[in-house]
Every structure is written in C-alpha cells, then in structure tokens.
Amino acid sequence: MLLQCILLYLALIHSGDCQEYGPKICFPNDFVFGVATASYQIEGAWNISGKSESIWDHYTHEHPDRVFDHTNGDVADGSYYKFKEDVRLMKLLGVSMYRFSISWTRILPNGLSNEVNEDGLRYYQELIDELLQNKIVPLVTMYHWDLPQNLQNLGGWTNPIMADYFVDYARILLDNFSDKVKIWLTFNEPLSFCHDRYGGYDAPGGRSSGFEDYMCGHNVLRAHGMVYRLFNDVYRNYSKGHMGISLNIPWMEAASTSTGDQIAAETARQFNFGWFANPIFSTSGDYPAVMRNKIDVNSAKQGFSRSRLPNFTSQEVKMIQGSYDFMGVNHYTTYLAQLGTGKVRMEPSFEDDMNAFIFQKDNWPKSNSTWLRVVPWGFRRALNWIKTTYNNPIILVTENGISTKPGLSDAKRVQYIDSYLRSLHAAVTKDHCRVKAYIYWSLLDNFEWMRGYSERFGLCEVDYKSVNLTRTPRKSFSYYKNVAATGCLPGFLGRYSYSKI
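So, here is what we can say about the structure in this document. (Residues numbered from 1 in each chain as written. Predicted model: local features only at pLDDT ≥ 70, side-chain atom pairs only at ≥ 80, totals over all residues. Heavy atoms only, no water.)

A word on empty space enclosed by the protein. Taken as a whole, this structure holds two cavities of 30 Å³ or more when the rule is applied. Considered as a void within the structure, the largest cavity measures approximately 90 Å³ in volume. Around the largest cavity sit 16 residues that line it, and T37, I42, Y98, Y123 and L127 are the ones nearest its centre. Tallying contributions element by element places helix 4 (residues 79–93) first for the lining of the largest cavity, with five residues. Its residues placed into classes, the lining of the largest cavity shows 10 nonpolar, four polar and two charged. Taken together, 13 residues make up the lining of the second largest cavity; nearest its centre are S39, Y40, G44, K51 and S103. Broken down by secondary-structure element, the contributors of at least two residues to the lining of the second largest cavity are helix 2 (39–42) and helix 5 (104–107). Partitioning the lining of the second largest cavity into residue classes produces two nonpolar, six polar and five charged. (1 Å grid on protein atoms, 1.4 Å probe; cavity = no way out; pocket = protein on both sides within 12 Å on 5 of 7 lines; lining within 4 Å. Points joined across faces, edges and corners; volume = space filled by probe spheres on them. Helix = DSSP H or I, 4+ residues; strand = E, 2+ residues; numbered from the N terminus. Nonpolar A, V, L, I, M, F, W, Y, C, P; charged D, E, K, R; others polar.)

Next up, the structure:
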C-alpha cells in the first residue's frame with residue numbers, strides 16, 4: 001500500500017491527539033499533510049551552472065507584456081540557493097511531505113539525454129537529502145510545465161517524438177534518485193498545459209484550441225504510460241516506490257435541474273477531467289466516449305478528413321490503461337455548467353466541442369484570482385464523482401489553496417483551508433473516499449505564471465523587494481501547523497467555514 005510505504009519509509013505517524021483546543025474533527029491517524037512548490041515558480045537561477053532556457057524563460061523574456069506585472073521567474077524565490085532555509089520552514093511547519101518538481105533544463109540542458117548536467121543532479125540530490133534528514137517525504141514531479149525550449153523548437157508536446165524524449169529524461173531521474181525518492185508524479189495538470197498553453201495564450205502560446213491542445217494531450221498520455229511501464233518493469237522492485245499523475249478537477253455542477261444542464265455538467269467533467277483520467281483510470285481505457293463522439297462529429301462537419309482528436313492504437317490503449325499506483329488530484333474551485341447552443345463554427349475550439357457554458361456565481365466568495373471562488377462543497381462532490389467513476393482509487397490531494405493579496409494577516413486563507421479540509425474530511429470519513437494525503441499549495445509565494453507575483457498563494461510571504469527574498473510565515477502558517485501536528489481541525493473555526501454556500 002502507498003500509505004504504508006510513506007509511513008514505513010520515514011516512520012512518520014501523526015499523534016491524533018485532539019484534546020488541546022477543544023472540540024475538533026480529526027483525520028485518520030495515518031493521514032499525511034504536506035506542502036507543494038514547482039521548479040520554475042520558486043528556484044530562480046534560470047541560467048546558472050549549466051541550466052538552459054525553458055519555454056517559460058523564453059516566453060517571459062520575449063513577451064513580458066503578456067505577464068500581468070511584466071515579471072518572470074529569473075530570480076523567483078531564489079530557492080536554488082535557499083532550499084535549506086525552505087526545508088527549515090517545512091520542519092517548523094511540521095509537515096511530513098514536500099511535493100516539488102525537477103527542472104528538465106537543469107538536468108538536460110539541451111533537452112536530450114546525451115548531455116547530462118552534473119550540477120543539476122547535485123542540486124536535487126542535496127535537496128532530497130535535506131528533506132530526508134528532516135524526516136520529510138519527497139514527492140517528486142517530473143514535469144511541471146517547464147519544457148526545454150530546444151524541444152519546443154521541434155514542436156514541443158505536439159510532436160509524437162516528445163514522448164520518447166520524456167522517457168529518456170525520466171530514466172535519468174529514476175537512475176539517480178529512485179533509491180531515495182519513493183513517490184513520483186509524471187506530469188502536473190496536463191489539462192492546464194495542453195489547453196491553456198498549446199490551445200491558449202500561456203507559454204508556449206500555441207493559441208490553437210481544438211487542435212494543438214488535443215495533440216499535446218495525446219502525446220502526454222503516451223509519455224505517461226511509457227514512463228509508468230518503464231518504472232514498473234525496471235525500477236519498482238529495486239526502489240519499492242510508487243508512481244502516479246496529478247490531474248486538476250474543478251468541480252462542474254449543473255446550473256439547473258434541467259436535463260440539458262445535467263448533461264452539460266457531465267460532459268464538462270469528461271472534457272476537463274476524463275480527458276486524461278479515462279485513458280488511465282477507467283476500466284475501458286481510451287478517451288471518454290462523449291469526447292470521442294463530439295470531436296469526431298464536429299471535425300466531420302468542419303470538413304476535416306479525420307478527427308482533430310488523435311486515435312490511440314490498441315497497444316497504446318492497453319499500455320496507458322492502469323498506468324497508476326495512485327491518483328494525484330489538484331482542486332481549487334467549482335463552476336456551474338449550462339448547455340451550450342450546439343453551434344459548430346468553422347474555426348475549431350475546445351469550448352465548441354464541449355458545448356457547455358461554464359461560469360461561477362457572483363455571490364461565491366472571491367480570492368485574489370479571477371478564476372478561484374471559494375466553494376468547499378464542490379471538493380467533496382468532486383472526490384465522490386471520482387470514487388464512483390473510477391472505482392475509488394487511492395488519492396493524494398497534490399494541490400489545494402487560495403490566493404490573497406500581500407500581507408501577513410490572511411484570515412481568508414485560514415478560512416479557505418479550514419472549510420476545504422472539512423469537506424475533505426467528510427469525503428474520507430463519511431463517504432469512504434480513499435484520500436491519503438493533503439498537500440497545500442503553496443509553501444511560499446511564487447511566480448504564478450501569467451499573473452506574475454500579483455497572486456500570493458503562500459503560507460509564507462516572500463518579500464520580493466528584499467535582497468534576501470525574506471520569507472515570513474503568515475497567520476495561516478500557524479493554523480496549518482496545528483493541523484499537521486494534531487491531524488485535527490479546531491472546532492472554533494467552524495463558524496467561519498463556507499460549508500453552507
């Protein structure tokens with residue numbers, strides 16, 4: 001079992017003592033709490049010691065005007081130099097797991113395995129050792145969106161050869177780190193980097209919705225399956241480790257009780273989550289039937305000789321299906337889904353293919369991100385939908401969090417974490433969803449992609465005006481520290497939760 005691996009690996013057991021602050025609700029004693037970051041968002045040192053240019057380095061340098069505050073990740077949080085300080089913060093926080101990602105360009109400067117950067121290997125080896133010395137489990141993401149620009153010049157994830165290059169990269173990570181890293185994620189949120197980046201305006205800015213996003217997703221799924229099979233065949237017995245993938249699931253609630261809106265909501269779930277979950281986690285494999293049918297039909301109406309959604313071979317379907325030990329789930333917010341017009345324009349798009357209008361209620365509490373409203377009941381519904389749809393897989397919540405404005409007093413973050421953890425607790429204890437860990441995004445404020453440093457997700461504030469990039473724990477840090485120490489939620493915060501929304 002994955003959880004037993006975590007606990008035996010570092011002998012990390014929560015006390016479960018729930019008496020200190022009065023009435024509480026408590027997670028199972030073996031439930032794990034952690035924090036997360038990603039390489040481009042915190043490391044900085046973008047061209048130091050052999051690291052080359054990633055698509056985000058290139059994009060933010062070429063198009064600073066497209067980033068909200070015209071910034072980039074050249075320096076970010078300076079975690080390349082300050083990782084020991086960051087681990088000390090985690091130790092103070094009392095979490096037992098740290099999810100971080102490895103920069104492909106820091107390991108393979110030209111993106112290919114014929115040139116390995118020893119300094120990159122050294123950096124991550126030292127980070128992993130520091131975590132283990134402090135009894136913190138490393139959960140490593142192989143790819144968190146920072147593709148080498150050299151590979152993007154070949155078409156990036158729209159090129160089928162990228163799956164083979166990813167396998168080469170993964171093999172080097174597994175050769176060097178699998179003796180100490182026992183929990184791996186192949187990809188973080190392929191929906192985001194395929195739909196928003198190849199199909200949208202984020203790096204590399206493909207702006208080809210309905211074409212490049214589907215090509216990207218197809219090759220990412222192939223790459224995931226190939227790496228999982230490599231891990232399973234070559235490394236599992238040696239490392240005794242586990243591998244999964246992190247998928248983001250914004251909950252899609254029907255906007256009304258009408259049949260059309262109910263259908264639209266389920267279709268939106270399949271297009272936004274099933275796109276990547278169905279080929280891996282379902283008993284049938286392959287893309288969701290509704291996705292396959294809609295895109296095939298629309299492609300024909302638009303005059304294409306073949307579907308814009310590529311087809312897997314029968315061998316690929318079999319390779320990808322079941323390629324998991326656990327499911328990583330990133331969840332932040334909820335949307336309402338309303339049936340679309342059904343009109344098929346000649347210019348393809350993901351949204352037309354889905355034929356569902358997605359929106360949020362104006363009275364749902366806001367965050368500092370336009371897309372993130374506070375709707376904790378959606379978390380429980382999403383987890384239950386996964387349980388029903390995919391036979392209740394083991395889940396690690398690999399991201400959940402809220403953005404606020406700069407400042408140390410962040411009551412809104414405390415309320416968000418508390419209300420979402422209550423929803424998660426109900427899913428675990430009442431609905432028997434097999435969730436084994438909760439990992440907050442993020443330990444630190446960081447570069448939030450096209451929003452730059454304008455949106456702060458950190459339990460710790462980073463002073464970007466200071467030479468030392470000073471980290472200061474917020475009030476939410478103290479709240480989460482108590483949760484991690486006790487495994488329980490303090491009763492006195494119940495009145496502030498958003499559970500009735």
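This part covers the packing of aromatic side chains. Applying the stated criterion across every chain, the model contains 49 aromatic pairs. Arranged with centres 6.2 Å apart and planes meeting at 85 degrees, the rings of F33 and Y480 form a pair that is edge-to-face. Separated by 447 residues along the polypeptide, F33 in strand 2 (residues 32–36) and Y480 in helix 17 (residues 475–486) bring together distant segments of the chain. Residue Y480 is classed as buried on the basis of its relative accessible area of 0%. An angle of 65 degrees between the planes, with centres 5.4 Å apart, marks the rings of F447 and Y453 as edge-to-face. Assigned by exposure class, F447 and Y453 land together as buried. Every member of this aromatic cluster is reached through a ring pair, and the members are Y40, W56, Y59, W145, F447, W449, Y453 and Y464. Just above the ring of W449 sits the side chain of R197; from NZ or CZ to the centre is 5.8 Å. (Phe/Tyr/Trp six-rings, centres within 6.5 Å; stacked < 30°, edge-to-face > 60°. Buried < 20%, exposed > 50% of the residue type's maximum accessible area, 1.4 Å probe, protein only. Lys NZ or Arg CZ within 6 Å of the ring centre and 35° of its normal.)

With that out of the way, let us pick up the pairing of strand 9 (residues 334–339). For strand 7 (residues 251–254) and strand 9, the ladder comprises four bridges, and the chain directions are parallel. The residue of strand 9 that forms the bridge with M252 is Y335. Relative to strand 10 (residues 356–359), strand 9 is paired through four bridges, and the arrangement is antiparallel. The residue bridging L339 from the neighbouring strand is A356, located in strand 10. (Pairing = 2+ DSSP bridges.)

Looking at the largest pocket, its volume works out to about 1,100 Å³. In terms of lining, the largest pocket is formed by 37 residues, of which the most central are S192, D196, N248, Y335 and W371. Considering each element in turn, the lining of the largest pocket owes the most residues, five residues, to helix 9 (residues 190–198).

On inspection of all chains with the given rule, the structure shows two disulfides. Covalent S-S linkage joins C26 and C488, the inter-sulfur distance amounting to 2.1 Å. Note on the C26 and C488 pair: the S-S dihedral is about 105 degrees, so by sign convention the disulfide is right-handed. With C26 in strand 1 (residues 24–26) and C488 in strand 15 (residues 488–490), this residue pair connects regions lying 462 residues apart in the sequence. Given the relative accessible area of 25%, C26 is considered partly exposed. By relative accessible area, which is 2% here, C488 ends up buried. Here C194 connects covalently by a disulfide to C216, the sulfurs 2.1 Å from one another. (Disulfide = S-S within 2.5 Å.)

Before going further, it helps to spend a moment on the pattern of salt bridges. The final tally for this structure, using the stated rule, is 25 salt bridges. With a shortest N-O distance of 2.8 Å, D86 and R471 are connected by a salt bridge. One end of the pair, D86, is in helix 4; the other, R471, is in strand 14 (residues 471–473), and 385 residues separate them in sequence. Taken as a pair, D86 and R471 share a single burial class, namely buried. Where D353 meets R308, a salt bridge forms, and the shortest distance between an N and an O atom there is 2.9 Å. In this pair, D353 sits in helix 14 (residues 350–354) while R308 sits in the loop between helix 12 (289–301) and helix 13 (314–320), placing the two residues 45 residues apart along the sequence. You can call D353 buried: its relative accessible area is 1%. (Salt bridge = Lys/Arg side-chain N within 4 Å of Asp/Glu carboxyl O.)

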